[in-house]
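Structural characterization, general
Residues per chain are reported as follows:
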Amino acid sequence: MEIKITKARQVLGELRVPSDKSISHRSIILTSLAKGESIVKNFLKAGDTLTTVSVYRSLGVEIKEDGDIFRVKGVNLFGYKEPEDILDMGNSGTTTRLTLGLVSGQNFFSAMTGDDSLRKRPMARVVDPLREMNAQIDGREEGHLLPLSIRGQELTGIEFFNKKSSAQVKSALLIAGCLTDKCVSVVEKIKSRDHTEKMLFAMGADIQIEEKERYKVSIKGKKELNPVEIDVPADPSSAAFFAAAAAIVPDSEILLKDVLVNPTRDGFYRKLKEMGAEVFYINEKEKVGEKIADILVKYSPDMKGIKITKEDVPSMVDEIPLLAIVATQAEGETVITGAEELRVKESDRIKAVVENFKRIGVKVEELEDGMIIKGKQKIKGGIIDSYHDHRIAMGFAILGLISEEGITIKNADCVFISYPNFFEDLEKVVKH
Ligand code: S3P
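Parameters at a glance
- The numbers attached to residues start from 1 for each chain and follow its sequence in the written order.
- Only residues with pLDDT of at least 70 are given local features in this predicted model, and only at 80 or more are side-chain atom pairs given and counted; all residues enter the totals for whole chains, interfaces and linings.
- Excluded from the side-chain calculation are hydrogens and water; included are all heavy atoms of the structure.
- Numbering of helices and strands starts at the N terminus; helices are DSSP runs of H or I of at least 4 residues and strands are runs of E of at least 2.
- A radius of gyration in this sense is built from C-alpha atoms; the matching globule rule multiplies 2.2 Å by the number of residues raised to 0.38.
- Each residue's exposure class comes from its accessible area (1.4 Å probe, protein chains only) as a fraction of the maximum for that residue type: buried when under 20%, exposed when over 50%, partly exposed otherwise.
- Only heavy atoms enter the contact rule, under which two residues are in contact if any of them lie within 4.5 Å.
- Note on areas: Shrake-Rupley, 1.4 Å probe, and residue coverage restricted to the protein chains presented here.
- Charged residues are defined here as Lys and Arg on the positive side and Asp and Glu on the negative side; His and the ends of the chain fall outside this count.
- In this description, the location of a charge corresponds to atom NZ of lysine, CZ of arginine, CG of aspartate or CD of glutamate.
- The axes are straight lines fitted to the C-alpha atoms, using for helices just the contacting stretch, and the angles between their N-to-C directions are given from 0 to 180°.
- For classification purposes, angles smaller than 35 degrees are called roughly parallel, those larger than 145 roughly antiparallel, those between 65 and 115 roughly perpendicular, and all remaining angles oblique.
- Should the near helix be turned anticlockwise from the far one by less than a right angle, the crossing is termed left-handed; should it be turned clockwise, right-handed.
- Only Asp, Glu, Lys and Arg are considered charged in this grouping, and only Ala, Val, Leu, Ile, Met, Phe, Trp, Tyr, Cys and Pro are considered nonpolar; every other residue, Gly among them, is considered polar.
- Working definition: residue near molecule or strand if any one of its non-hydrogen atoms lies within 4 Å of it.
- Here a polar contact is recorded for every N or O atom pair within 3.5 Å, except that within protein the pair must consist of a potential hydrogen donor and a potential acceptor, and residues adjacent in sequence are included only if both atoms are side-chain atoms.
- One bridge is not enough; two strands pair if DSSP finds at least two bridges between them.
- Viewed with both strands pointing away, a crossover whose connecting path from the first strand over the helix to the second turns clockwise is right-handed.
- Domain delimitation in this document rests on an assignment produced automatically or drawn from a domain database.
- Buried area counts how much accessible surface, traced with a 1.4 Å probe, disappears from two parts once they are put together, with both parts' losses summed.
- Salt bridges are defined by distance alone: a side-chain nitrogen of Lys or Arg within 4 Å of a carboxyl oxygen of Asp or Glu.

A tally of helices and strands in the protein yields 13 helices and 24 strands. Radius of gyration (C-alpha) of the protein: 21 Å, near the 22 Å computed for a compact globule of 432 residues. Expressed along its principal axes, the backbone C-alpha trace of the protein runs to roughly 60 × 45 × 45 Å. Taken across its 432 residues, the protein has 61% of its residues classed as buried. At a minimum sequence separation of 6, the contacts of the protein that also span at least 24 residues come to 75%. In the structure as shown, the protein presents an accessible area of about 16500 Å², 47% of it carried by carbon and sulfur atoms. Between the mean site of the 63 positive side-chain charges and the mean site of the 68 negative ones, the protein shows a separation of 1 Å.

Okay, here's the thing in structure tokens:
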């Protein structure tokens, strides 16, 4: 599908964007470990999270869709069944890496593969520490690329330094940690998103957290886990597109309802404020250990360029391409460094942003670990490619709203991965 986004007069209104992708994945994967039935309200029905549902059904977990509610019948740590076929992980890195932790400790054989993008993404980061825990994993390039095969084993403990601050790696190890009575610890210099430890704690897992100089989470497993009730808040990564739109389109104002504002996830909004944008959290509250708020964003013509460094990356890792797009409208340069992780996401997001900027005449300098964006640029428009990456498609749609001639997005259907109704929601709030 190809779609053209044209200049908007204004972005105005209120939206409850789809539910959080990270929490939705975990609301199936983690609750499947419990003894008994968990209830998930507001589960995100999108490409990646439906992949998780289908994979866990293949692993013998009963998951019922009951109107707006998903009911997950936990199998009590080891009651999964050997899948009859290769598990298809589609485009989903989170499903793949978290499930690797789970099947490594089960008493059966399994295999997994994924689409063209996922088969290029690095798995060593999770396979190597799991092997240290005694996991038996094989696959392409010594088990570092999908397809992978896993012969489940009795796992042992580990203390692992999560250098990349990858929440997927941390989560895979904590899930594997649920399956052994030896201690599993993950240490991080910059804390990554902490939904897994929050949810496991709510389920009664034996989780210890130390937050001194470094963040350290430890788990002692082989402990029965309780079912829980989860109400998934709106996804800050999806809401970010509309926050960006309101900040750059004249006379705009948008209210984004019920958004997850966990400090390990809301870096984009904090950086937008640092640029001088009008961003306000209202009605702040807490639900099952997670902070949520309504976010109000107003047109912000006086934004200034900023620096994004390594420390900033984990809490806004998926929003950096969008921040680069906003930065084209700020005064002065924005310099993004320490973001080499972007090269191994659903696409090489540094290359995708830089090449698309160049296609539509936007000035940018590519760095190995980021980019430098010039501010106050006129956006002429033209044709860009999503590289089959949902966040690239949505980010450039937002830039289309301030383009003179419109931006045509090739391969725009990939938005279904995290936000199936993105273009419909955009229509609702954009005034031409
Ligand atoms: C995710 C963690 C992040 C993020 C991804 C979802 C998660 O990846 O980019 O979209 O749900 O744990 P990394 O763990 O690779 O940083």
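Back to the text.
This brings us to the packing of helix H4 (residues 124-132) against helix H6 (residues 167-177). Running from N to C, H4 and H6 cross one another at 30°; their axes reach a closest spacing of 9 Å. Considered as vectors, H4 and H6 are oriented roughly parallel to each other. The element H4 and its partner H6 pack so that their crossing is right-handed. Residues Arg 125, Val 126, Pro 129 and Leu 130 of H4 form the contact with H6, whose participating residues are Val 169, Ala 172, Leu 173 and Ala 176. Of the residues that constitute the contact of H4 with H6, the class distribution is seven nonpolar, no polar and one charged.

Attention now moves to the site of the ligand. All residues in the neighbourhood of the ligand are listed as Ser 22, Arg 26, Thr 94, Ser 166, Ala 167, Gln 168, Arg 193, Val 317, Asp 318 and Lys 345. Within the backbone of Ala 167, one N or O atom sits 3.0 Å away from an oxygen atom of the ligand. In this structure, Lys 345 approaches the ligand through a side-chain N or O atom, which is 2.7 Å from an oxygen atom. In isolation the ligand exposes 380 Å². Once the protein is present, 94% of that is buried. At the level of secondary structure, the elements contributing two or more residues to the shell around the ligand comprise helix H1 (21-29) and H6. Classifying every residue of the shell around the ligand by side-chain character gives two nonpolar, four polar and four charged.

Before going further, it helps to spend a moment on the sheet that holds strand E1 (residues 3-5). What the three strands build is an open sheet, ordered E1-E23-E22; its pairing is mixed. On the outer flanks of this sheet lie E1 and strand E22 (382-385), each paired with one strand and no other. Each adjacent strand pair in this sheet contributes to an overall mean axis angle of 30°, direction not counted. Inspection of the sheet shows E22 paired to strand E23 (residues 407-410) by four bridges, in the parallel sense. Within E23, the position partnered with Ile 384 by the bridge is Ile 409. Running over the sheet, helix H12 (residues 390-400) touches E1, E22 and E23 and is turned about 170° from E23.

Moving on, we come to the sheet that holds strand E15 (residues 253-260). Within the open sheet, the five strands sit side by side as E16-E17-E15-E2-E24. Their pairing is mixed. Unpaired on one side and paired on the other, strand E16 (278-287) and strand E24 (430-431) mark the two borders of the sheet. Two elements, strand E2 (residues 10-15) and E24, share two bridges in a ladder whose sense is antiparallel. In the sheet register, Val 11 faces E24, and the bridge partner there is Val 430. In the packing of helix H8 (residues 236-248) onto the sheet, contacts are made with E2, E15 and strand E17 (290-298), and the angle to E15 comes to roughly 165°.

Here the focus is the pairing of E23. Direction of pairing for E1 relative to E23: antiparallel, over a ladder of three bridges. In the strand pairing of E23, Ile 5 is matched with Ile 407. In this view, the connection linking E22 to its parallel neighbour E23 by way of H12 has right-handed handedness.

Here we take up helix H7 (residues 195-202). Owing to its 3.6 residues per turn, the α-helix brings residues three or four apart onto one side. Those residues of H7 that fall on the buried side of the exposure criterion are His 195, Thr 196, Glu 197, Met 199 and Leu 200. Positioned one or two residues after H7, Gly 204 has a phi angle of 90°, which is positive.

This paragraph deals with the domain arrangement of the protein. When its domains are assigned, the protein resolves into domain 1 (3-19 + 233-431) and domain 2 (21-231). For domain 1 versus domain 2, the separation of C-alpha centres amounts to 29 Å. Contact with domain 1, which involves 29 residues of that partner, is made by 28 residues of domain 2. A buried area of about 2300 Å², summed over both sides, lies between domain 1 and domain 2, and 52% of it is on carbon and sulfur atoms. For Lys 287, the salt bridge is made with Asp 231, and the minimal N-O distance between the two is 3.2 Å. Linking domain 1 with domain 2 are 12 residue pairs in polar contact (both at pLDDT 80 or more).

Geometrically, the link from Leu 146 to Pro 147 is a cis peptide bond, its omega value of -5° lying close to zero. Positive phi values are uncommon outside glycine, yet Asn 42 reaches one of about 55°. One can find Asn 42 in the loop between strand E3 (35-41) and helix H2 (47-58). A relative accessible area of 32% places Asn 42 in the partly exposed class. With a phi angle near 70°, Leu 77 is a residue other than glycine that sits in the positive phi range.

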